Amino acid sequence: MNDRKVQEPAAGRRDGVRIDPADHRSGLRRLERRLFLRSSLSLGAVALLSGCTLQDGDTVDRMLWAMSRWNDRVQAWLFDPDRMAPTYGMADLTTPFPFNAYYPIDSVPEIDGSDFRLAVSGLVGDRRSWSLEDLRRLPQESQITRHICIEGWSAIGQWSGVPFRSFLQRVGADPTAKYVGFKCADRYYTSLDMPTALHPQTQLTLDFGTVDFTMAELPPEYGYPLKLRVPTKLGFKNPKHIVEIFVTNDNPGGYWEDQGYNWFSGL
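Small disclaimer: the values here were computed from a predicted structure and weren't measured. (Residues numbered from 1 in each chain as written. Predicted model: local features only at pLDDT ≥ 70, side-chain atom pairs only at ≥ 80, totals over all residues. Heavy atoms only, no water.)

The helix and strand tally for the protein chain stands at 6 helices and 11 strands. For the protein chain, contacts bridging at least 24 residues in sequence account for 70% of all contacts bridging at least 6. Per element, the accessible surface of the protein chain, about 13,900 Å² overall, is 52% carbon and sulfur. (Helix = DSSP H or I, 4+ residues; strand = E, 2+ residues; numbered from the N terminus. Contact = heavy atoms within 4.5 Å. Areas by Shrake-Rupley, 256 points an atom, 1.4 Å probe, with all protein chains shown as cover.)

What follows deals with the pairing of strand E6 (residues 179–184). The buried fraction of E6 amounts to 5 of the 6 residues, a majority that puts the element mostly inside the structure. Remark: 4 residues form the turn of the hairpin made by E6 and strand E7 (residues 189–193), two consecutive strands paired antiparallel; Arg-187 in that turn has positive phi of roughly 70°. Where E6 meets strand E11 (residues 242–248), 6 bridges bridge the pair, whose relative direction is antiparallel. What sits directly across from Lys-183, in E11, is Glu-244. (Buried < 20%, exposed > 50% of the residue type's maximum accessible area, 1.4 Å probe, protein only. Pairing = 2+ DSSP bridges.)

Moving on to the side chain of Asp-186. On the secondary structure map, Asp-186 appears in the loop between E6 and E7. The side chain of Asp-186 sits in the buried core without any salt bridge; Lys-240 is the nearest counter-charge, 5.9 Å away. In contact with Asp-186, other than residues within four places in its own chain, are Tyr-102, Tyr-103, Pro-109, Lys-240 and His-241. (Lys, Arg positive; Asp, Glu negative; His and termini not counted. Salt bridge = Lys/Arg side-chain N within 4 Å of Asp/Glu carboxyl O.)

So, about the pattern of salt bridges. A pair can form between side chains of opposite charge whenever their charged atoms are brought close. For the structure shown, the criterion picks out 7 salt bridges. For Arg-136, the salt bridge is made with Asp-207, and the minimal N-O distance between the two is 2.9 Å. Of this pair, Arg-136 sits in helix H4 (residues 132–136) while Asp-207 is found in strand E8 (residues 203–209), placing the two residues 71 residues apart along the sequence. On the accessibility criterion, Arg-136 (39% relative accessible area) is partly exposed. Look at Asp-207 and you get buried, because its relative accessible area is 12%. Of the charged contacts, one joins Glu-244 and Lys-183 as a salt bridge, the two residues approaching to 3.8 Å between their closest N and O atoms.

On to the nonpolar core. Residues Leu-118, Leu-135, Phe-164, Phe-167, Leu-204, Ile-242 and Ile-245 are the most contacted members of the largest nonpolar core, which totals 46 residues. Of all the secondary-structure elements, those providing two or more residues to this core are H4, strand E5 (154–163), helix H5 (164–170), E6, helix H6 (194–197), E8 and E11. Ignoring anything within four residues of it in the chain, the contact list for Leu-204 reads Ser-160, Gly-161, Val-162, Phe-164, Phe-167, Leu-226, Lys-227, Leu-228, Ile-242 and Ile-245. (Core = buried A, V, L, I, M, F, W, Y, C linked by side-chain atoms within 4.5 Å.)

Before going further, it helps to spend a moment on the sheet that holds E11. Taken together, the 4 strands give an open sheet; going across it, the order is E3-E11-E6-E7, and neighbouring strands pair in mixed fashion. Each edge of the sheet is formed by a strand with only one pairing partner; in this case those strands are strand E3 (119–122) and E7. Averaged over all neighbouring strand pairs, the angle between strand axes comes to 20°, with direction disregarded. Of the strand pairs in this sheet, E6 and E7 are connected by 5 bridges, and their pairing is antiparallel. When the bridges of E7 are listed, Lys-183 appears paired with Tyr-189. (Axes fitted to C-alpha atoms, helices over the stretch in contact; angles between N-to-C directions.)

Another point: the environment of Val-124. Here Val-124 is to be found in the loop between E3 and H4. The buried category is assigned to Val-124, whose relative accessible area is 11%. Each residue touching Val-124, except ones within four places of it in the same chain, is listed here: Val-171, Gly-172, Ala-173 and Val-247.

Structural data, given as structure tokens:
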């Protein structure tokens, strides 16, 4: 998902009052955050806001965040850990698979795979780091699933890697913990609920299907050296360039989630 850039107005005057660009930018950020939150609310929840306006300040913000958290709880309650996301055949693959990030493609991080070490921390029994060779020695699975972006587009790709449930078991993750968080080399971060982390289709992805229908290591633009594939979530819950995984009972939030996107964001 790319950054949305808003042209900044020059300092000036309105109705005899000098306009500070910093104040204007702050107001735009608040407005955008509220619109993000409103877009994730149910019709019934929005109805509760019928007496509020965007000028109501922090009162609206608090209500929107409360409703978003309520939506999270409802989605978590409805989530079926045994329900599989749809899978597809080779003929359904999207080629080329689109690049998506909050930055342009020429800003994709360059990572030396030979030096890569995946850090593991939090509520786990084994906190040793993992090299790519270590990860490739674990049992691998392949899937052809659809990536669905919150911006309205989707694409089908073939992904291969370690079932995340198996990895969490290997490191002795506490299955009763609430969250699994991810830190990435491109400064992105996000988190999952534990039931989704343990879902059979959630995958630590190492390889991607190429245009000639063979598997190869993840290209940099798709998350090299390691990404998480979560076909039961919207695309922004699928972090790329992962460098650390941690298990916790404190909600770690996420890059977009902290700006107003619904945290659970299940399909």
